[in-house]
Amino acid sequence: MLRIGRVSEGPMSDTEPLTVLERHVSYFDPDGDGEISMSQTFRGLRGVGVGAVIAGLLTILINLFLGYLTHGKPSTSVSVRDIARGKHPYDTGTFSVKGELDEANFAALFSAPTACAPFDRLTRDEIRRMIVKRGDPKKPFGEIGSVLSNWFSGREIQLLLCVASDCKKVTSSGEELPAISRRTLRRFYTGHLLFLLARHKRMKDSRARAAH
């Protein structure tokens, strides 16, 4: 079983247990101080196999976007304990308002009309169609915020499938596409997947060095 480790002694050490959403982003906070700097985001993305150029661009995007939402003002760091404030429109609804796993919404991902058989895995396009269908009816961030949330959501799903795709799915047109299994997607939403991906990459890199 994966061991995430104890939160280091610091501002977060004597608080309530992490929600699943907080646990998810805590991957980027290895020192456990409750704040995720741009350098930590960059190293975290590199740790799961994202290329340096893409990781650099995503770091700027993630920290500026979530930094503002979690702090309520312009910031280049992301607050782990306030990450629920970073929930934005055009999401799957799998994280509740408080940042906990919504089991009903998670199950609905695999039975939605936008998904096709086999129903134990999803492609990027299937996830995107679900998200777009949910839309942004209340528009809490206004029209511009809604457009940005939709774009940001698309990049999130693209990145997830890029680093975590673990199977294939044949579409109704006969095209075979990368997909993510129900088991792996659940690990993503419970906050364990990024730790596992980083561990696997370290092991792979270690074997590659040993071979040379």
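Residues numbered from 1 in each chain as written. Predicted model: local features only at pLDDT ≥ 70, side-chain atom pairs only at ≥ 80, totals over all residues. Heavy atoms only, no water.

Caption draft 1: Geometry of the overall build of the protein. Helix and strand counts for the protein come out as eight helices and five strands. Listing every helix and strand of the protein by position from the N terminus yields α-β-α-α-β-α-β-α-α-β-β-α-α. Its C-alpha atoms give the protein a radius of gyration of 17 Å, near enough to 17 Å, the size a compact globule of 212 residues would have. Principal-axis analysis of the C-alpha atoms places the extent of the protein at approximately 55 × 50 × 35 Å. Per-residue burial for the protein yields a buried fraction of 43% across its 212 residues. Nonlocal contacts in the protein, meaning residues at least 24 apart in sequence, comprise 55% of its contacts between residues at least 6 apart. In the structure as shown, the protein presents an accessible area of about 12000 Å², 58% of it carried by carbon and sulfur atoms. (Helix = DSSP H or I, 4+ residues; strand = E, 2+ residues; numbered from the N terminus. Rg over C-alpha atoms; globule rule 2.2 N^0.38 Å. Buried < 20%, exposed > 50% of the residue type's maximum accessible area, 1.4 Å probe, protein only. Contact = heavy atoms within 4.5 Å. Areas by Shrake-Rupley, 256 points an atom, 1.4 Å probe, with all protein chains shown as cover.)

Caption draft 2: Inspection of the side chain of Ser 146 at higher detail. Summarising the element assignment, Ser 146 is placed in helix α6 (residues 142-164). Setting aside its immediate chain neighbours within four residues, Ser 146 contacts Tyr 90, Asp 136 and Lys 139.

Caption draft 3: Summary view of the nonpolar core. Residues Leu 109, Leu 122, Leu 160, Leu 185 and Tyr 189 are the most contacted members of the largest nonpolar core, which totals 44 residues. Among the elements of the structure, α1 (20-26), α3 (52-71), α4 (103-109), α5 (124-134), α6, α7 (182-189) and α8 (193-211) are those that each provide at least two residues to this core. Here this core takes six residues from α3, the largest share from any one element. (Core = buried A, V, L, I, M, F, W, Y, C linked by side-chain atoms within 4.5 Å.)

Caption draft 4: Examining the pattern of salt bridges more closely. Applying the stated criterion to the full structure yields eight salt bridges. Asp 91 is paired through a salt bridge with Lys 87; the nearest N and O atoms lie 2.9 Å apart. Residue classification places Asp 91 among the buried positions, given a relative accessible area of 19%. Of the charged contacts in the structure, one is a salt bridge between Lys 201 and Asp 205, with a shortest N-O distance of 2.8 Å. Taken together, the positions of Lys 201 and Asp 205, both in helix α8 and four residues apart, correspond to about one turn of that helix. Owing to a relative accessible area of 28%, Asp 205 belongs among the partly exposed residues under this scheme. Where salt bridges share partners, they join Lys 87, Asp 91 and Arg 134 into one cluster. (Salt bridge = Lys/Arg side-chain N within 4 Å of Asp/Glu carboxyl O.)

Caption draft 5: Representation of unusual backbone geometry. Positive phi, normally seen in glycine, also occurs at Tyr 90, with a value near 60°. Tracing the backbone shows Tyr 90 in the loop between β2 (78-79) and α4.

Caption draft 6: How the structure looks around α5. Considered for burial, the residues of α5 that qualify are Glu 126, Ile 127, Met 130 and Ile 131. Taken down its axis, α5 places every buried residue within 135° of arc, on the same side. Each element contacted by the buried residues of α5 is listed here: α4, β3 (121-123), α6, β4 (167-170) and β5 (176-181). Taken from the residues just after α5, Gly 135 is the one with a positive phi, measuring 65°. (Arc of directions from axis to C-beta.)

Caption draft 7: Examining empty space enclosed by the protein more closely. One pass over the structure, following the stated rule, counts one cavity of 30 Å³ or more. A volume near 790 Å³ is recorded for the largest cavity. Lining the largest cavity we find 35 residues, and of these His 24, Leu 66, Phe 152, Glu 156 and Phe 188 sit closest to its centre. Contributing elements (two or more residues each) for the lining of the largest cavity: α1, α2 (38-47), α3, α6 and α7. Here the element with the most residues in the lining of the largest cavity is α6; it accounts for eight residues. Of the residues belonging to the lining of the largest cavity, the class tally is 23 nonpolar, eight polar and four charged. (1 Å grid on protein atoms, 1.4 Å probe; cavity = no way out; pocket = protein on both sides within 12 Å on 5 of 7 lines; lining within 4 Å. Points joined across faces, edges and corners; volume = space filled by probe spheres on them. Nonpolar A, V, L, I, M, F, W, Y, C, P; charged D, E, K, R; others polar.)

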